[in-house]
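Per-entry structural report
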Amino acid sequence: DSGVTQTPKHLITATGQRVTLRCSPRSGDLSVYWYQQSLDQGLQFLIHYYNGEERAKGNILERFSAQQFPDLHSELNLSSLELGDSALYFCASSVGPSGNTDTQYFGPGTRLTVL
Amino acid sequence: DAKTTQPPSMDCAEGRAANLPCNHSTISGNEYVYWYRQIHSQGPQYIIHGLKNNETNEMASLIITEDRKSSTLILPHATLRDTAVYYCIVRGSGGGADGLTFGKGTHLIIQP
């Protein structure tokens, strides 16, 4: 158990809909990272927040957005969903804002299925 | 962050040591080598990381060559539960705000 929690575990929805995925970091961690894992693309970094502020963006679509709240939990919002958005979504947390020794710990993921 | 190269798959007998290689020939001086694994569709699990000295923890050992162009992750007594995809990732201080770059990793299969 990494100490990172994600809800829900599974989500099934229809094309065109909007969903929100939630992540609670480990106690004491200020950074939250979001990743997408699909069959054809592997694990890809989406976005990073540190202490409520956006720090870096990866391959995140404009239909996707995220935020980190004062209690440090984060939400990833996916809108106008398409079949191709079906994937596993992971969040990870770490203590600091950056750095090559800032280890990321991953949550169990949310499996999103778009029908 | 430097690119890494790993074999796509490996087999190992249960109870034996599993040695997973990784090439990172373009690694620069301040970049660390990280190893994660992913069991089935679970979240990636952190294993170990190092800069240039060999490292050991309760899960594994990491051996980094003197020129730092390659490394080996060693699982000393592999069990069936160690069957997973293992990712070798090089991480520099400049890319710290960005996420980890995962390649395809090595699918390690532990045989009974």
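The text that follows walks through the structure, step by step, so that each part is easy to find.

Observations concerning the interface of chain A and chain B
On the chain B side, the residues contacting the 23 residues of chain A number 21 residues. Here chain A packs against chain B, burying approximately 1,700 Å² in sum over the two surfaces, 53% of which is carbon and sulfur. In terms of surface lost to chain B, no three residues of chain A exceed Leu43, Asn100 and Phe106 of chain A, which account for 36% of the buried area on that side. Applying the counting criterion to the chain A and chain B interface returns zero salt bridges. On inspection of chain A and its partner chain B, the count reaches four residue pairs in polar contact (both at pLDDT 80 or more). Looking at the side of chain A that touches chain B, the elements with two or more residues in it are strand E4 (31-38), strand E5 (42-50), strand E6 (53-57), strand E9 (87-94) and strand E10 (105-106) of chain A. Considered class by class, the residues forming the side of chain A that touches chain B number 11 nonpolar, nine polar and three charged.

Some remarks on the sheet that holds strand E2 (residues 18-23) of chain B
The strand order across the open sheet built from four strands is E2-E7-E6-E5 (chain B), with neighbouring strands paired in antiparallel fashion. Two strands bound the open sheet, and with one partner strand each, they are E2 and strand E5 (55-56) of chain B.

With respect to unusual backbone geometry
Residues and elements named next belong to chain A. Of note, the amide linkage connecting Thr7 to Pro8 takes the cis form, showing an omega dihedral of -10°. As for its placement among the helices and strands, Pro8 is situated in the loop between strand E1 (5-7) and strand E2 (10-13). With phi around 45°, Ser80 is a residue other than glycine that occupies positive phi space. Of the residues examined, Ser80 reaches a relative accessible area of 40% and is grouped as partly exposed.

Cut-offs applied
Residues numbered from 1 in each chain as written. Chains lettered and ligands numbered in written order. Predicted model: local features only at pLDDT ≥ 70, side-chain atom pairs only at ≥ 80, totals over all residues. Heavy atoms only, no water. Contact = heavy atoms within 4.5 Å. Buried area = accessible area lost by both parts, 1.4 Å probe. Salt bridge = Lys/Arg side-chain N within 4 Å of Asp/Glu carboxyl O. Polar contact = N/O pair within 3.5 Å; in protein donor to acceptor, adjacent residues only side chain to side chain. Helix = DSSP H or I, 4+ residues; strand = E, 2+ residues; numbered from the N terminus. Nonpolar A, V, L, I, M, F, W, Y, C, P; charged D, E, K, R; others polar. Pairing = 2+ DSSP bridges. Buried < 20%, exposed > 50% of the residue type's maximum accessible area, 1.4 Å probe, protein only.

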